[in-house]
Amino acid sequence: MPAYCPPHIPASEITPKNLYLSRRSFVGGAAAAGFAFAGTGQAFASPLAGKPSDYKVDEKLTPKEAVTTYNNFYEFGVNKEDPSQNAGSFKPTPWSIKVDGLVGKPKEFGLDELMKMSLEDRTYRMRCVEGWSMVIPWIGFPLSAILDQVEPQGSAKYVSFETVVRPEEMPGQKGFFQPLPWPYVEGLRLDEARNPLTILAVGLYGETLPNQNGAPIRLVVPWKYGFKSIKSIVKISLVEKQPQTTWKNSNAREYGFYSNVNPAVDHPRWSQATEQRIGEGGLFGSNRHPTLPFNGYADQVASLYAGMDLKANY
Ligand SMILES: Nc1nc2c(c(=O)[nH]1)N[C@H]1C(S)=C(S)[C@@H](COP(=O)(O)O)O[C@H]1N2
Ligand SMILES: [Mo]
């Protein structure tokens, strides 16, 4: 395993160029004092306030520069710096999310309405399957707030999510190399979706969500690997059967449906025992932390998986 973690594309597609660029962008991004936002200022509109909440990890925040320049958002390219560099012409407004499927009251939520939900500050530890982590001050509201409004039927067991498809605004969705099939899709079990930790985020660091972080609205599921936290959501469906998920579809051996952070279950290509905290100590410095079961949220979520074999259900 390399000292840094490769993008989660199949090993056969990892080129030295990918790895070199990922490494270079991180060093550059973290080192640049007074870093200026190239082309992506638009989404950093008005200050956004959430009310204080108890959901606050007591750890040093990852600098905003790292949170907004070291990203995975393959719709804008596969390298860490691609989303911040290529998302400048993405238009996060107007926007709406259609919620349908096995519900009593299907509904399309406009962005204005979503921004008026009861917003809270939530500082969460986030852990990417690649082996890095961040501590991010999100602003958002529990996903359960909108699930309650649409009244899921008894037959609804899962929730599926879909990202927008806009090749004209998302360079990773057009051209010769398409790293993933679109739309990006994800899913949760209904009880996971209703857990109070699960939020739809509309901001971070007191600002509306930058495009590269999933503007205008994205999922945040802090006890699971980052890829479950799907960005720029346009559709949420309540369904009976376990939904399709992008990374499992592209490589089922490496990515499962549950994807709970689990230091005891290694990724087939690397250990998951520790993680590199982005923005701390430099790439090869003393910034490794032990990875915690359920990313440190075991008290709140371990009971959801009572009786399940978490090695088989990775
Ligand atoms: N639509 C979409 N959502 C996505 C991704 C993506 O490529 N496309 N990447 C995922 C991965 S792998 C991670 S680690 C997180 C990263 O979120 P961040 O860039 O805001 O830290 O977004 C997730 N959501
Ligand atoms: Mo990730």
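Small disclaimer: the values here were computed from a predicted structure and weren't measured.

Draft legend 1. Structural detail: empty space enclosed by the protein. Tallied over the full model, the rule gives three cavities of 30 Å³ or more. Taken as a whole, the largest cavity holds about 380 Å³ of empty space. Taken together, 25 residues line the largest cavity, and the ones lying closest to its centre are Asn72, Trp132, Arg218, Gly226 and Lys231. The set of elements that each furnish at least two residues to the lining of the largest cavity consists of β3 (120-127) and β4 (132-142). Top element by residues in the lining of the largest cavity is β4. It accounts for four residues. Split into classes, the residues belonging to the lining of the largest cavity amount to 14 nonpolar, seven polar and four charged.

Draft legend 2. Quick look at the site of ligand 1. Taken together, 16 residues lie around ligand 1, and Asn71, Tyr74, Glu75, Thr163 and Lys231 are the ones closest in. Residue Arg218 places a side-chain N or O atom 3.0 Å away from an oxygen atom belonging to ligand 1. Within the contact set of ligand 1, an oxygen atom lies 2.7 Å away from a side-chain nitrogen or oxygen of Lys231. Coverage of ligand 1 by the protein chains reaches 97% of its 530 Å² of free accessible surface. A molecule is said to occupy a pocket when more than half its atoms come within 2 Å of that pocket's grid points, and by this definition ligand 1 occupies the largest cavity. Among the residues making up the shell around ligand 1, the classes are represented as six nonpolar, seven polar and three charged.

Draft legend 3. Representation of the pairing of strand β2 (residues 107-110) within the structure. Pairing analysis gives four bridges linking strand β1 (residues 96-101) to β2, with the strands arranged antiparallel. Looking at the pairing, Lys98 lines up with Glu108 of β2. Once β1 ends, the chain turns through five residues before running back antiparallel as β2.

Draft legend 4. Spotlight on the UniProt feature "binding site: Mo-molybdopterin" (unreviewed entry) in the chain. UniProt marks Asn71, Tyr74, Glu75, Cys128, Thr163, Asn213, Arg218, Ser229, Ile230 and Lys231 with the feature "binding site: Mo-molybdopterin" (unreviewed entry), using the numbering shown here. As for the annotated residues named above, the ones lining the largest cavity are Asn71, Tyr74, Glu75, Cys128, Thr163, Asn213, Arg218, Ser229, Ile230 and Lys231. Within the secondary structure layout, Thr163 lies in strand β5 (residues 158-163). Judged by its relative accessible area of 1%, Thr163 falls in the buried class. In this structure Thr163 touches Glu75, Pro183, Tyr184, Ile230, Lys231, Ser232, Ile233 and Val234, once residues within four positions along its chain are discounted. Examined against the element boundaries, Ser229 turns out to sit in the loop between β9 (218-220) and β10 (233-239). Take Ser229: its relative accessible area is 3%, and that puts it in the buried class. Apart from residues lying up to four places away in sequence, Ser229 is in contact with Met126, Arg218, Leu219, Val220 and Val221.

Calculation criteria
Residues numbered from 1 in each chain as written. Chains lettered and ligands numbered in written order. Predicted model: local features only at pLDDT ≥ 70, side-chain atom pairs only at ≥ 80, totals over all residues. Heavy atoms only, no water. 1 Å grid on protein atoms, 1.4 Å probe; cavity = no way out; pocket = protein on both sides within 12 Å on 5 of 7 lines; lining within 4 Å. Points joined across faces, edges and corners; volume = space filled by probe spheres on them. Helix = DSSP H or I, 4+ residues; strand = E, 2+ residues; numbered from the N terminus. Nonpolar A, V, L, I, M, F, W, Y, C, P; charged D, E, K, R; others polar. Near = heavy atom within 4 Å. Polar contact = N/O pair within 3.5 Å; in protein donor to acceptor, adjacent residues only side chain to side chain. Areas by Shrake-Rupley, 256 points an atom, 1.4 Å probe, with all protein chains shown as cover. Sits in = over half its atoms within 2 Å of the grid points. Pairing = 2+ DSSP bridges. UniProt positions renumbered as here; feature names shortened; annotations may be inferred. Buried < 20%, exposed > 50% of the residue type's maximum accessible area, 1.4 Å probe, protein only. Contact = heavy atoms within 4.5 Å.

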